Amino acid sequence: MQRRRYLKSAIVGVSTVMIAGCTGEDDEPPEEEEEQEEEEQEDEEQEEEEQEDEEQEEEEQEEEEQEQEEEEVDPDEALEDEDVESTRDGLEILEHEFYEDDFSGGVEGVVVNNTGEEIGYVEVGVVFYNEDGQRIADSFTNTTDLGDGEEWVFDVLLIGADPEDVDDYNIAVTDSPF
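Residues numbered from 1 in each chain as written. Predicted model: local features only at pLDDT ≥ 70, side-chain atom pairs only at ≥ 80, totals over all residues. Heavy atoms only, no water.

Draft legend 1. Molecular detail of the confidence of the model for the protein. When pLDDT is averaged across the protein, the result is 78; 71% of the residues are at 70 or more. The secondary structure element of the protein with the lowest average pLDDT is helix α1 (residues 2-23), at 49, and the one with the highest is strand β6 (residues 151-157), at 97. In this model residues 70-82 is a low-confidence stretch, pLDDT under 50, and it forms 17 contacts with partners more than four residues away in sequence or in other chains. (pLDDT = per-residue confidence, 0-100. Helix = DSSP H or I, 4+ residues; strand = E, 2+ residues; numbered from the N terminus. Contact = heavy atoms within 4.5 Å.)

Draft legend 2. Looking closely at the sheet that holds strand β2 (residues 91-100). A sheet is described by the order of its strands in space; here three strands give the open sequence β2-β3-β6, paired in antiparallel fashion. The sheet is open, and its two borders are formed by β2 and β6, each paired with just one other strand. Neighbouring strand axes in the sheet, compared pairwise and without regard to direction, differ in orientation by 20° on average. Inspection of the sheet shows β2 paired to strand β3 (residues 105-113) by nine bridges, in the antiparallel sense. By the bridge assignment for β3, Tyr-99 is matched with Gly-106. (Pairing = 2+ DSSP bridges. Axes fitted to C-alpha atoms, helices over the stretch in contact; angles between N-to-C directions.)

Draft legend 3. The arrangement of the side chain of Glu-123 in detail. By the secondary structure assignment, Glu-123 is in strand β4 (residues 119-129). Salt bridges are absent for the buried Glu-123, whose nearest opposite-charge side chain, Arg-135, sits at 10 Å. A polar side-chain atom of Glu-123 sits 2.6 Å from a polar atom in the side chain of Tyr-121. Excluding anything up to four places from it in sequence, Glu-123 contacts Phe-140, Thr-141, Asn-142, Ala-172, Val-173, Thr-174, Ser-176 and Pro-177. (Buried < 20%, exposed > 50% of the residue type's maximum accessible area, 1.4 Å probe, protein only. Lys, Arg positive; Asp, Glu negative; His and termini not counted. Salt bridge = Lys/Arg side-chain N within 4 Å of Asp/Glu carboxyl O. Polar contact = N/O pair within 3.5 Å; in protein donor to acceptor, adjacent residues only side chain to side chain.)

Draft legend 4. Main features of the nonpolar core. The biggest cluster of nonpolar side chains holds 19 residues, and the ones touching the most others in it are Val-111, Val-122, Val-124, Phe-128, Phe-154 and Ile-171. At the level of secondary structure, the elements contributing two or more residues to this core comprise β2, β3, β4, β5 (135-146), β6 and β7 (168-174). When neighbours within four sequence positions are excluded, Val-124 is seen to be in contact with Ile-93, Val-111, Ser-139, Phe-140, Thr-141, Trp-152, Phe-154, Val-156, Ile-171, Ala-172 and Val-173. (Core = buried A, V, L, I, M, F, W, Y, C linked by side-chain atoms within 4.5 Å.)

Draft legend 5. Expanded view of unusual backbone geometry. A positive phi is found at Asp-145, a non-glycine position, where the angle reads about 55°. Take Asp-145: it is sitting in strand β5.

Draft legend 6. Layout of the pairing of β6. Side-chain alternation along β6 places Trp-152, Phe-154 and Val-156 on a buried face and Glu-151, Val-153, Asp-155 and Leu-157 on a face that remains uncovered. Inspection of the sheet shows β3 paired to β6 by seven bridges, in the antiparallel sense. Each residue of the ladder has a partner; that of Gly-106, found in β6, is Leu-157.

See below:
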């Protein structure tokens, strides 16, 4: 009989402890739940980092593609006046033409200074492209003390490429060596 009373007391005690454990005011999750939440949070952070890395790689790839597109020129397009660049109003390339001799080639032309003042340094630069639109060479020439209204006949020699490989070119005039 005492055994039954003991078992009954033990069962009631254990039940009370179990119920108290389930309904207690302790709101903190058990350690396993905390560990699981930490792992989930770490997984989310890792996924965010991977996504940021992928986005950065995509941006870098887009920038590279843009740079390549900027360097490529459609060989079927003829060079028009809007393809001529100038860094200063009034400093203009009046005419320019690609030439090919027996052993050399380049671009000849005329620059005029209509700025209203003498320019201490003037440079004409040319980028040469092959039929695939790839840059194959670049070169420049310069002069100093170009007076207002004065014209300068320039010759930019093609260096480092065969004139027969040139299909197109871009040309620019500037008043700065940099």
